[in-house]
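Residues per chain, in single letters:
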Amino acid sequence: MDKSKLPELFDSFNQFKILVIGDAMVDSYLWGKVERISPEAPVPIVACNKQENRLGGAANVALNIQALGAMPILCSVVGFDIKGDLLRELLMQNGLTDEGIFADPGRPTTVKTRIISDNQHLLRVDEESTANLSSDIEVAFTNHILGLISKHSVNAIVFEDYDKGAITPELIRRVVELANRVGIPTLVDPKKRNFNAYKGVTLFKPNFKELVEGLKLDVKKNDFIGIFEAAKAIHTGMGVGLVFITLSELGVFISNGERYNAIPAQRREIADVSGAGDTVISTASLCLAAGLETEDIAAIANMAGGLVCEKIGVVPVEKALLLQECLNS
């Protein structure tokens, strides 16, 4: 695209509201030092000296959208528990609304606790339920989301699916049906369980691993013709508008069903790839809402994903830095 229009494009992000539907979670970190082995079992004892709680999962997509200037509305299911209160508190601390958060008394809030010593990740403890929502909660949560779409002028909807059960096939069907009826673009970051349930979405963004597992393919990551054939199967079988595949060190691939573009990754000092997929779909949602051409959506989102890989930890993309990177590319 014309680079002189980039500042205006990035300014336009500020007027967008993006609904993020998915599995939000608390990422908890325990830092300490290992100085001895337990006498009870051959395991290290970590003397904890610091603890931090952060927003994770679909909430990280909301943080990325916020960092780019837009207003995210996170729709997720938490438990009636202390960790659910913590997630709401973290939303408030980060300037995000909890209007879309729905509580289920029969379900725990998802928490992932990482234990780290001397920058070495020793252990992760997951507290979660991965079962689909019960039928009554599914109906109530879906109606809650549909009500938010009717209440707000939503510019795009992102499904951020971590296979924790908050997103169900019936929820997908009803939300996509309404979005298509009123002209709201929909994007999805899929996982295996609901891979084939996202019929009729505007943009479908698996990574390469999710693509080959979801379609049970035997194709190489650098075989763009083979990937294009797989993308065409998604276009025709699921009625998807754009298929956008992240290929890690090889960049990204995007198809509209008739042609494709493969955009290579830029040369960078990679510090941590965590959260890059969240950044890619967040950026793509705003570019799609702004009406950009297919290749421009992929190019800007690819650049955003690359930038966050230069940072340690799961961090949102910096809007000013992304704009400067786009101008200099």
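Residues numbered from 1 in each chain as written. Predicted model: local features only at pLDDT ≥ 70, side-chain atom pairs only at ≥ 80, totals over all residues. Heavy atoms only, no water.

1. A closer look at the nonpolar core
Where we set the bar: Definition of nonpolar core: a set of buried residues of the types Ala, Val, Leu, Ile, Met, Phe, Trp, Tyr and Cys, connected through side-chain atoms within 4.5 Å. Categorising residues by exposure relies on relative accessible area from a 1.4 Å probe, with only protein chains included: less than 20% of the type maximum marks a residue as buried, more than 50% marks it as exposed, and the intermediate range marks it as partly exposed. Starting at the N terminus, helices and strands are each numbered in turn, a helix being any DSSP run of H or I of at least four residues and a strand any DSSP run of E of at least two. The contact criterion used is simple: two residues touch if any of their non-hydrogen atoms lie within 4.5 Å.
Membership of the largest hydrophobic core comes to 55 residues, with the highest contact counts inside it found for Phe10, Leu74, Phe244, Ile300 and Leu322. Looking at this core element by element, the count peaks at seven residues for helix H9 (residues 294-308). The contact partners of phenylalanine 10, leaving out residues within four places of it in the chain, are Ile300, Lys319, Leu322, Leu323 and Cys326. With 44 residues, the next largest nonpolar core counts Leu178, Phe204, Leu211 and Ile227 among its residues.

2. Looking at the packing of helix H4 (residues 135-151) against helix H5 (residues 169-182)
What counts, and what does not: Each axis is a line fitted through C-alpha atoms, taken for helices only over the stretch in contact, and angles between the N-to-C directions span 0 to 180 degrees. Here the angle decides the label: under 35 degrees means roughly parallel, over 145 means roughly antiparallel, 65 to 115 means roughly perpendicular, and every other value means oblique. The hand of a helix crossing depends on one turn: near helix anticlockwise from the far one by less than a right angle means left-handed, and clockwise means right-handed. Any residue that is not Ala, Val, Leu, Ile, Met, Phe, Trp, Tyr, Cys, Pro, Asp, Glu, Lys or Arg is counted as polar, Gly included; the first ten are nonpolar and the last four charged.
Where H4 contacts H5, the axes come no closer than 10 Å and their chain directions differ by 20°. Judged by the angle between their axes, H4 and H5 are roughly parallel. In this structure, the crossing between H4 and H5 has a hand that is right-handed. Contacts from Glu138, Val139, Phe141, Thr142, Asn143, Ile145, Leu146 and Ile149 of H4 reach H5 at Glu170, Leu171, Arg174, Val175 and Leu178. For the contact of H4 with H5, the residue count by class is eight nonpolar, two polar and three charged.

3. Some thoughts on H5
Formally: Here the expected length of a helix is defined as 1.5 Å per residue gap, with one fewer gap than residues. Throughout, the arc means that of the directions going from the helix axis to the C-beta atoms.
In a regular helix each residue adds 1.5 Å, so 14 residues correspond to 20 Å; H5 covers 20 Å between its end C-alpha atoms and thus fits that length. Within H5 the residues assigned to the buried category are Leu171, Ile172, Val175, Val176, Leu178 and Ala179. Along the axis of H5, the buried residues cluster in a sector spanning 165°; they form a single face. The secondary structure elements touched by the buried residues of H5 are strand E1 (17-22), H4, strand E8 (156-160) and strand E9 (186-189). A positive phi of about 80° marks glycine 183, the residue just after H5.

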